[in-house]
Amino acid sequence: MGLEITELLELPNIYVESYSKTDKGWLLQLRPLSDGMRCPGCGRFIDRVHQAPKVIIRDLAILKRPVHLQIPRRQFHCPDCQRYATEQLEFVDWRRRHTRRFEQDVYERVQHSSLEQIAREEGISPEEVRGIFEHVAAQSKKRLGRSGTHKHR
Ligand SMILES: [Zn+2]
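All figures in this text were calculated on a predicted structure; none of them were measured in a lab.

What counts and how
Residues numbered from 1 in each chain as written. Predicted model: local features only at pLDDT ≥ 70, side-chain atom pairs only at ≥ 80, totals over all residues. Heavy atoms only, no water. Helix = DSSP H or I, 4+ residues; strand = E, 2+ residues; numbered from the N terminus. Buried < 20%, exposed > 50% of the residue type's maximum accessible area, 1.4 Å probe, protein only. Contact = heavy atoms within 4.5 Å. Lys, Arg positive; Asp, Glu negative; His and termini not counted. Charge placed at Lys NZ, Arg CZ, Asp CG, Glu CD. Domains from an automatic or database assignment. Buried area = accessible area lost by both parts, 1.4 Å probe. Salt bridge = Lys/Arg side-chain N within 4 Å of Asp/Glu carboxyl O. Polar contact = N/O pair within 3.5 Å; in protein donor to acceptor, adjacent residues only side chain to side chain. Pairing = 2+ DSSP bridges. UniProt positions renumbered as here; feature names shortened; annotations may be inferred. Donors = N, O, S within 2.8 Å, 3.2 Å for Na, K, Ca; no water. Tetrahedral: all angles 85-135°; square planar, octahedral: opposite > 155°, others 65-115°.

### A few points about the overall build of the protein
The secondary structure content of the protein amounts to four helices and nine strands. Going from N to C terminus, the protein has its helices and strands arranged as α-β-β-β-β-β-β-β-β-β-α-α-α. Considering only C-alpha atoms, the protein reaches an extent of 50 × 45 × 25 Å along its principal axes. Looking at the protein as a whole, 40% of its 153 residues qualify as buried. Pairs at least 24 residues apart make up 47% of the contacts formed inside the protein by residues separated by at least 6 positions. Distance from the positive charge centre (27 side chains) to the negative charge centre (21 side chains) of the protein: 5 Å.

### Quick look at the domain arrangement of the protein
If you check the domain split of the protein, you get domain 1 (1–89) and domain 2 (93–153). The partner domain 2 presents twelve residues to the twelve residues of domain 1 that form the contact. Regarding the contact of domain 1 and domain 2, the summed buried area is about 1,000 Å², with carbon and sulfur atoms giving 52% of it. The largest share of the area that domain 1 buries against domain 2 comes from Ile57, Arg58 and Leu60, three residues that together contribute 52% of it. Put simply, domain 1 and domain 2 have two salt bridges between them. Across the salt bridge formed by glutamate 122 and arginine 58, the nearest N and O atoms sit 2.9 Å from each other. Between domain 1 and domain 2 we count six residue pairs in polar contact (both at pLDDT 80 or more) in total.

### Let's talk about the pattern of salt bridges
On inspection of all chains with the given rule, the structure shows eleven salt bridges. A salt bridge links glutamate 103 to arginine 96; its shortest N-O distance comes to 2.9 Å. Given a relative accessible area of 1%, glutamate 103 falls into the buried group. One network of salt bridges, in which partners are shared, links Arg58, Asp105, Arg109, Glu121 and Glu122.

### Let's talk about the pairing of strand β6 (residues 54–62)
Inspection of the sheet shows β6 paired to strand β7 (residues 65–72) by seven bridges, in the antiparallel sense. Opposite isoleucine 57, over in β7, you have leucine 69 as the bridge partner. The turn joining β6 and β7, which pair antiparallel and follow one another in sequence, is formed by two residues; a positive phi near 50 degrees is taken by leucine 63.

### Remarks on the UniProt feature "domain: Transposase IS204/IS1001/IS1096/IS1165 helix-turn-helix" (unreviewed entry) in the protein
Under the feature "domain: Transposase IS204/IS1001/IS1096/IS1165 helix-turn-helix" (unreviewed entry), the UniProt entry names residues 87–136. Summarising residues 87–136: 60% helix, 0% strand, and an end-to-end C-alpha distance of 21 Å.

### What about the coordination of the zinc ion?
Coordination sphere of the zinc ion, protein contribution only: Cys39 (SG), Cys42 (SG), Cys78 (SG) and Cys81 (SG), at 2.2 to 2.4 Å. One can describe the donor arrangement at the zinc ion as tetrahedral, given that its four donor atoms subtend angles of 99 to 125 degrees at the metal. All donor residues of the zinc ion come from one chain, and their arrangement in sequence is C-x2-C-x35-C-x2-C. Here cysteine 81 lies in the loop between β8 (75–77) and β9 (84–86) and cysteine 39 lies in the loop between β3 (37–38) and β4 (45–46), a separation of 42 residues in the sequence. Cysteine 39 gets classed as buried once you look at its relative accessible area, which sits at 3%.

If you want it as structure tokens, here you go:
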């Protein structure tokens, strides 16, 4: 069963271990598939997990039911340079609480809809919608360089 849900999710390098239906929607427990990461200090492959606190990341809805992903934020320790390094997940920007595709979706909807409307539909606050919009706008500006033009409200 897990494999089908993992395929449905279409996120790279993770496996859906289990899922449950809560009053807030679907909660999916994810497991990263990589054994470790490259130490940003010395480049050595490090696989000793120092800690892995679980974080909740919002993802796109499935059949209009909100989806939350529970992911261990793994911090590895490098025995060579005594550094701690936190694994980056390619589908979530650093320190964000939503997947990139969720934020992209909200960003696009802000072009046609009010912050309040989207907030209602997603069960989040208008401030959070604005925060997502501004984050995605800033990210795509970075990607496009100075030539990018964006609509702001
Ligand atoms: Zn190192």
